[in-house]
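# A look at the structure
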Amino acid sequence: MKVFITRQIPQKGLDLLRSAGISFTEWAERRELEQNELINICKNYDALISVGQNKINKRFLQECRHLKAIAQMAVGFDNINVAEATMLKIPIGNTPGVLSKATADIAFLLMLAVSRKAFYMHKKIINGEWGFYEPTADLGMEMEEKTLGIFGLGKIGFEMAKRCAGAFNMKIIYHNRKMNDEAEKKLNAKRVSLDELLAQSDVLSVHTALTEETRGFFDYGRFAGMKHSAIFINTARGAIHNEPDLIRALNEKLIWGAGLDVTHPEPMHADNPLLQMPNVAVLPHIGTTTEETRDAMSKLAAENIIAASKNEQLPHIVNPEVYAS
Ligand code: GLV
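Not measured: the values here are computed from a predicted model.

In this section: the overall build of the chain. Helix and strand counts for the chain come out as twelve helices and twelve strands. Here the C-alpha atoms of the chain give a radius of gyration of 21 Å, agreeing with the 20 Å that 2.2 N^0.38 yields for 325 residues. C-alpha atoms of the chain, sized along the principal axes, occupy 65 × 45 × 35 Å. Residue burial in the chain is summarised as follows: out of 325 residues, 50% are buried. Pairs at least 24 apart in sequence give 62% of the contacts found in the chain among residues at least 6 apart. With the model as given, the accessible surface of the chain reaches about 15,900 Å², and the carbon-plus-sulfur share is 52%. Between the mean site of the 38 positive side-chain charges and the mean site of the 39 negative ones, the chain shows a separation of 4 Å.

Below you can see the structure in the form of structure tokens.
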């Protein structure tokens, strides 16, 4: 079994591959592979560990239908045409669970950074603007007993809700297709309609996957349905909110602030007006960027490849239907 890895990944994952007798090559150049390059490379490998946003579309899958597995080193897999992979019987793996706490930490950090204008105030110091003390200037807001609304309460949303309930006794509401029993029981979370989520959330945090249904979901109309004092947080995928609409909603004070760990496109351009707004905090997609989480993600990706090398079902599988006879 020979695996191609589209980035350099933590030793923990590589050690697992090595100990299973699997040979691998990591792409070491600091640039994104073109699709043609990736296709040509993959012709010489049996499996792929996909890191980042490699386009695993119909063309790629058709050309690389020999792959025994594609292990995405991320929980999100919106870059992969899963239906096509399933048709071609290519198992797709991902890395759920191990990154939930680190990602929720970033959502929580953004909530506080926005509510206290932290990034903006930091910039003021850098720009030599830490000046005269004015008791009524640059006021933020407090989170104590506010309402947190989660759009898509799964593992990451649960961790965010837990942090907010524990730290600030925040009331938790969420909008999901299915009820989340654990959140209802442990966090007293209440499932609400979309309109209720928009109307009642003081902080609305997005934790859903990017799908055709959620693409551009948070648009001008949805921001208009939120409280004028609300903070919008997105640590899931940038394409779930419509960025020009978000800018307009903030400029028109339809909502109070926004915290983004994900943008559309990524990287965000340095001249983006969001970066100049006092009530906005933006981070460069660092939800999973901790030693612990990246180690764990690399291990899950390696486990998926090792299972494929033994013709076993991937332990962390996105499309189990590939094993149906
Ligand atoms: C990060 O964005 C992930 O999907 O794991």
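Counting 31 residues, the largest nonpolar core has Leu204, Phe218, Phe232, Leu246 and Leu274 as its most contacted members. When residues of this core are traced back to their parent elements, those giving at least two are helix 9 (194–200), strand 9 (203–206), helix 11 (243–251), strand 11 (257–260) and strand 12 (280–282). With four residues, the top contributor of residues to this core is helix 11. Ignoring sequence-local partners within four residues, the contact set of leucine 274 consists of Glu243, Leu246, Ile247, Leu250, Leu260, Met268 and Val280.

Another aspect to go through is the domain arrangement of the chain. Taken as a whole, the chain is organised into domain 1 (2–98 + 290–323) and domain 2 (100–282). Here domain 1 and domain 2 have C-alpha centroids that lie 31 Å from each other. Here domain 1 and domain 2 share an interface that buries about 510 Å² over both sides, 49% of which is from carbon and sulfur atoms. Ranking the residues of domain 1 by area buried against domain 2 places Asp78, Gly97 and Thr293 at the top, with a combined share of 62%.

Another aspect to go through is the sheet that holds strand 4 (residues 69–72). With parallel pairing, five strands are arranged side by side in an open sheet as 2-1-3-4-5. Since the sheet does not close on itself, it has two edges, and those belong to strand 2 (23–26) and strand 5 (92–93), each with one partner. Where strand 1 (residues 2–5) lies against strand 3 (residues 47–50), three bridges are found, and the strand directions are parallel. Each residue of the ladder has a partner; that of phenylalanine 4, found in strand 3, is leucine 48.

In the vicinity of the ligand, the contacting residues are Ala74, Val75, Gly76, Leu99, Arg237 and His285. In this structure, an oxygen atom belonging to the ligand sits 2.8 Å away from a main-chain N or O atom of glycine 76. Take histidine 285: an N or O atom from its side chain is 2.7 Å from an oxygen atom of the ligand. Contact with the protein chains covers 86% of the free accessible surface of the ligand, which is 200 Å². Of the residues contributing to the shell around the ligand, the split by class is three nonpolar, two polar and one charged.

Let us now look at the packing of helix 5 (residues 100–115) against helix 7 (residues 155–168). Describing two packed helices takes the angle between their axes plus the distance from one axis to the other. At their nearest, the axes of helix 5 and helix 7 sit 8 Å apart, and the two run at 50 degrees to each other. Classified by the angle between their axes, helix 5 and helix 7 sit oblique to one another. For helix 5 against helix 7, the interelement crossing comes out right-handed. Between helix 5 and helix 7, the contacting residues are Ser100, Lys101, Thr103, Ala104, Asp105, Ala107, Phe108, Met111 and Leu112 on the first element and Lys155, Ile156, Glu159, Met160, Arg163, Cys164, Ala167 and Phe168 on the second. Residue composition of the contact of helix 5 with helix 7, by class: ten nonpolar, two polar and five charged.

What follows concerns the sheet that holds strand 11. Here we have seven strands laid out as an open sheet, ordered 8-7-6-9-10-11-12, and parallel in their pairing. Edge positions in the open sheet fall to strand 8 (190–191) and strand 12, since each of these has one partner strand only. In this sheet, strand 12 lies alongside strand 11 in parallel orientation, the contact comprising three bridges. Residue glycine 259 lies in a different strand from strand 12, and its bridge partner there is alanine 281.

Tallied over the full model, the rule gives eight aromatic pairs. Taking the centre distance of 5.4 Å and the plane angle of 50 degrees together, the rings of phenylalanine 4 and tyrosine 45 count as tilted. Taken together, the residues span a long stretch of sequence, with phenylalanine 4 in strand 1 and tyrosine 45 in the loop between helix 2 (35–42) and strand 3 at a distance of 41 residues. For phenylalanine 4, a relative accessible area of 2% corresponds to the buried category. Ring centres of phenylalanine 151 and phenylalanine 218 lie 5.1 Å apart, and the angle between their planes is 90 degrees; this geometry places the pair in the edge-to-face category. Here phenylalanine 151 is found in strand 6 (residues 147–151), whereas its partner phenylalanine 218 is found in the loop between strand 9 and helix 10 (220–224), with 67 residues between them in sequence. Among the aromatic residues, ring-to-ring pairing joins Phe151, Phe217, Phe218, Phe223 and Phe232 into one connected group. Looking at lysine 2, its charged tip hangs above the ring of tyrosine 45, at a distance of 5.0 Å from the centre. One cation-aromatic arrangement involves arginine 248 over tyrosine 220; the distance from NZ or CZ to the ring centre is 3.6 Å.

Conventions adopted
Residues numbered from 1 in each chain as written. Predicted model: local features only at pLDDT ≥ 70, side-chain atom pairs only at ≥ 80, totals over all residues. Heavy atoms only, no water. Helix = DSSP H or I, 4+ residues; strand = E, 2+ residues; numbered from the N terminus. Rg over C-alpha atoms; globule rule 2.2 N^0.38 Å. Buried < 20%, exposed > 50% of the residue type's maximum accessible area, 1.4 Å probe, protein only. Contact = heavy atoms within 4.5 Å. Areas by Shrake-Rupley, 256 points an atom, 1.4 Å probe, with all protein chains shown as cover. Lys, Arg positive; Asp, Glu negative; His and termini not counted. Charge placed at Lys NZ, Arg CZ, Asp CG, Glu CD. Core = buried A, V, L, I, M, F, W, Y, C linked by side-chain atoms within 4.5 Å. Domains from an automatic or database assignment. Buried area = accessible area lost by both parts, 1.4 Å probe. Pairing = 2+ DSSP bridges. Near = heavy atom within 4 Å. Polar contact = N/O pair within 3.5 Å; in protein donor to acceptor, adjacent residues only side chain to side chain. Nonpolar A, V, L, I, M, F, W, Y, C, P; charged D, E, K, R; others polar. Axes fitted to C-alpha atoms, helices over the stretch in contact; angles between N-to-C directions. Parallel < 35°, antiparallel > 145°, perpendicular 65-115°, else oblique. Left-handed = near helix turned anticlockwise from the far one by under 90°. Phe/Tyr/Trp six-rings, centres within 6.5 Å; stacked < 30°, edge-to-face > 60°. Lys NZ or Arg CZ within 6 Å of the ring centre and 35° of its normal.

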